[in-house]
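The residues making up each chain are set out below.
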Amino acid sequence: MDGVALRDIVSEVRAVVHSPRRRAFEVLVPIDLTTIFRGMGPLPAVSGVEDQVGDWDAVGQTRTVRLADGSSLREELTAFDPPAHFAYTIDRLTGALRHLVHGMKGAWWFEEGSGDDGSPTTAIRWRYAFQPRNAFARPLAVGIIRLFWQRYMVRALALGIEQVEHRTDASP
């Protein structure tokens, strides 16, 4: 199987937030991951973030995400175009998922819109592309991603949107 390129396994969610695009971007990009990734089936909750220097706002920045089961992964910011888009890679997985995928790519897009009453809205698209470890691991990875990861993303995005819409600070 060496030399054969395997297609990425893609999971994508979309939602609309009742907020201007800049505010949605500014709340969601640096969000405390422990408040939105609460675990789903075999997928552990995020328990903390380490080794992040400064805000999560520059290409090349890295951080280590710690998970509730004791495992971790590394994120690296690969695109940052406020308030429209940001993207990152995930590697150095130490949990069970490392047996199925060798890395992941995450990306978010924010598109301006308006509600029926003319109030500002933002359409959000969040995509993960998983790179399967090999052809034998791919079917199991597809099953886990379809059964659990998609729902994990839906819930995380809903919790993030809740923070955007209900945050009471003076942010835009």
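Residues numbered from 1 in each chain as written. Predicted model: local features only at pLDDT ≥ 70, side-chain atom pairs only at ≥ 80, totals over all residues. Heavy atoms only, no water.

### Examining the overall build of the protein chain
For step 1, the next point in the chain: Tallying secondary structure elements over the protein chain gives 2 helices and 7 strands in all.
For step 2, the next point in the chain: What you see in the protein chain, going N to C, is helices and strands ordered as β-α-β-β-β-β-β-β-α.
For step 3, the next point in the chain: Against the 2.2 N^0.38 benchmark of 16 Å for 172 residues, the protein chain shows a C-alpha radius of gyration of 17 Å, consistent with a compact globule.
For step 4, the next point in the chain: Dimensions of the protein chain along its principal axes, counting C-alpha atoms only, are 55 × 35 × 30 Å.
For step 5, the next point in the chain: The burial tally for the protein chain puts 44% of its 172 residues in the buried class.
For step 6, the next point in the chain: Pairs at least 24 residues apart make up 56% of the contacts formed inside the protein chain by residues separated by at least 6 positions.
For step 7, the next point in the chain: Accessible surface, the protein chain: about 9100 Å² in total, of which carbon and sulfur atoms supply 51%. (Helix = DSSP H or I, 4+ residues; strand = E, 2+ residues; numbered from the N terminus. Rg over C-alpha atoms; globule rule 2.2 N^0.38 Å. Buried < 20%, exposed > 50% of the residue type's maximum accessible area, 1.4 Å probe, protein only. Contact = heavy atoms within 4.5 Å. Areas by Shrake-Rupley, 256 points an atom, 1.4 Å probe, with all protein chains shown as cover.)

### What to know about the side chain of Ser 19
For step 1, the next point in the chain: Looking at the secondary structure, you find Ser 19 in the loop between strand 1 (9-17) and helix 1 (21-28).
For step 2, the next point in the chain: Residue classification places Ser 19 among the buried positions, given a relative accessible area of 2%.
For step 3, the next point in the chain: The contact partners of Ser 19, leaving out residues within four places of it in the chain, are Ala 24, Pro 120, Thr 121, Thr 122 and Val 164.

### Some details on the pairing of strand 7 (residues 120-132)
For step 1, the next point in the chain: By the bridge criterion, 9 bridges tie strand 1 to strand 7 in an arrangement that is antiparallel. Looking at the pairing, Glu 12 lines up with Arg 127 of strand 7.
For step 2, the next point in the chain: Of the strand pairs in this sheet, strand 6 (residues 101-114) and strand 7 are connected by 13 bridges, and their pairing is antiparallel. Note that in strand 7 the partner of Phe 110 across the bridge is Ile 124.
For step 3, the next point in the chain: Here strand 6 hands over to strand 7 after 5 residues, with Gly 118 in that stretch at a positive phi of 90°. (Pairing = 2+ DSSP bridges.)

### Brief notes about the sheet that holds strand 1
For step 1, the next point in the chain: The strand order 1-7-6-5-4-3-2 describes an open sheet built from 7 strands, whose pairing is antiparallel. On the outer flanks of this sheet lie strand 1 and strand 2 (46-50), each paired with one strand and no other. Going from strand to strand, the sheet's axes swing by 20° on average, the running direction of each strand aside.
For step 2, the next point in the chain: In this structure, strand 2 lies alongside strand 3 (residues 62-67), joined through 4 bridges in antiparallel fashion. Paired with Gly 48 across the bridge in strand 3 is Arg 66. (Axes fitted to C-alpha atoms, helices over the stretch in contact; angles between N-to-C directions.)

### Looking at the nonpolar core
For step 1, the next point in the chain: Met 104, Trp 108, Trp 126, Tyr 128, Phe 130 and Trp 149 are the most contacted members of the largest nonpolar core, which totals 46 residues.
For step 2, the next point in the chain: Going through the elements one at a time, strand 1, helix 1, strand 3, strand 4 (72-81), strand 5 (85-91), strand 6, strand 7 and helix 2 (138-166) are the ones with two or more residues in this core.
For step 3, the next point in the chain: At 11 residues, helix 2 tops the list of elements feeding residues into this core.
For step 4, the next point in the chain: Apart from the residues lying within four places of it in its own chain, the contact partners of Met 104 are Tyr 88, Thr 89, Ile 90, Leu 93, Leu 97, Tyr 128, Ala 129, Phe 130, Gln 131 and Trp 149. (Core = buried A, V, L, I, M, F, W, Y, C linked by side-chain atoms within 4.5 Å.)

### Some words on the environment of Asp 91
For step 1, the next point in the chain: Position of Asp 91 relative to the elements: it lies in strand 5.
For step 2, the next point in the chain: Remark: the alpha-carbon pair of Asp 91 and Thr 64, spanning 27 residues in sequence, is separated by 9.8 Å.
For step 3, the next point in the chain: If sequence neighbours within four positions are ignored, Asp 91 has contacts with Leu 73 and Arg 74.

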